[in-house]
Amino acid sequence: MISIYNKSMEEYFQTLKRNKLKITPRRKAVIGLFLKSGMRMGPYDIYNKLKQKLPKIGLPTVYRILDELKKAGILVQSLSSDRQLCYALCDSPGTHHHHFVCRKCKKVDEVNFCNFKGISEFIKKNLKAKVETHHLQIEGVCSKCK
Ligand SMILES: [Zn+2]
Ligand SMILES: [Zn+2]
Ligand SMILES: [Zn+2]
């Protein structure tokens, strides 16, 4: 599968550096895996694929790397239909946007659009509360799987 991401490995290295994370072979392998697949994957998928290249890697290490990359904004977390935590690579870390995941092929697309304002105003008016953050999980069927 051809990568859907515009970013190169080098740009993710810059993001790692900005987040004071060293470029280790393991972190590199995880980012490379996502860049190549363009898909949303669960920790077990990632672990099984990484083991082919890095036989010594353990599942706890994989979990730790996924968490580090999530905190750096390189990966985004979502739940699969069977409520499993999954990860997808983000093309533009640090900007507010959303992601579309195809429930059939698990391909991830960037959604550089957010129309949350109406909901924020509704909450402000009806709950007298101030919205500080929101997460949106958007799923469906991509153009190829339709
Ligand atoms: Zn993104
Ligand atoms: Zn699809
Ligand atoms: Zn939004």
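Residues numbered from 1 in each chain as written. Chains lettered and ligands numbered in written order. Predicted model: local features only at pLDDT ≥ 70, side-chain atom pairs only at ≥ 80, totals over all residues.

Description of the nonpolar core
Consideration 1: Membership of the largest hydrophobic core comes to 24 residues, with the highest contact counts inside it found for Val30, Leu69, Ile74, Leu75, Ala88 and Leu89.
Consideration 2: At the level of secondary structure, the elements contributing two or more residues to this core comprise helix H1 (9-18), helix H2 (25-37), helix H3 (43-53), helix H4 (59-71), strand S1 (75-79) and strand S2 (85-89).
Consideration 3: Aside from chain neighbours lying at most four places away, what touches isoleucine 74 is Tyr12, Thr15, Ile31, Leu69, Leu89, Cys90 and Pro93. (Core = buried A, V, L, I, M, F, W, Y, C linked by C-beta atoms within 7 Å. Buried ≥ 20, exposed ≤ 12 C-beta atoms within 10 Å, placed from the backbone. Helix = DSSP H or I, 4+ residues; strand = E, 2+ residues; numbered from the N terminus. Contact = placed C-beta atoms within 7 Å.)

Concerning the confidence of the model for the protein
Consideration 1: Mean pLDDT for the protein: 92, with 96% of residues reaching 70 or above.
Consideration 2: No element of the protein has a lower mean pLDDT than S1, at 92, and none a higher one than H4, at 97. (pLDDT = per-residue confidence, 0-100.)

Examining unusual backbone geometry
Most peptide bonds are trans, and most residues other than glycine sit at a negative phi.
Consideration 1: The phi dihedral of arginine 83 is positive, around 60 degrees, even though this residue is not glycine.
Consideration 2: Mapped onto the secondary structure, arginine 83 falls in the loop between S1 and S2.
Consideration 3: Given 6 C-beta atoms within 10 Å, arginine 83 falls into the exposed group.
Consideration 4: Positive phi, close to 55 degrees, is recorded for lysine 128, a residue that is not glycine.
Consideration 5: You can see lysine 128 is positioned in the loop between helix H5 (117-127) and strand S5 (138-140).
Consideration 6: Lysine 128 sits in the exposed class, given 7 other C-beta atoms within 10 Å.

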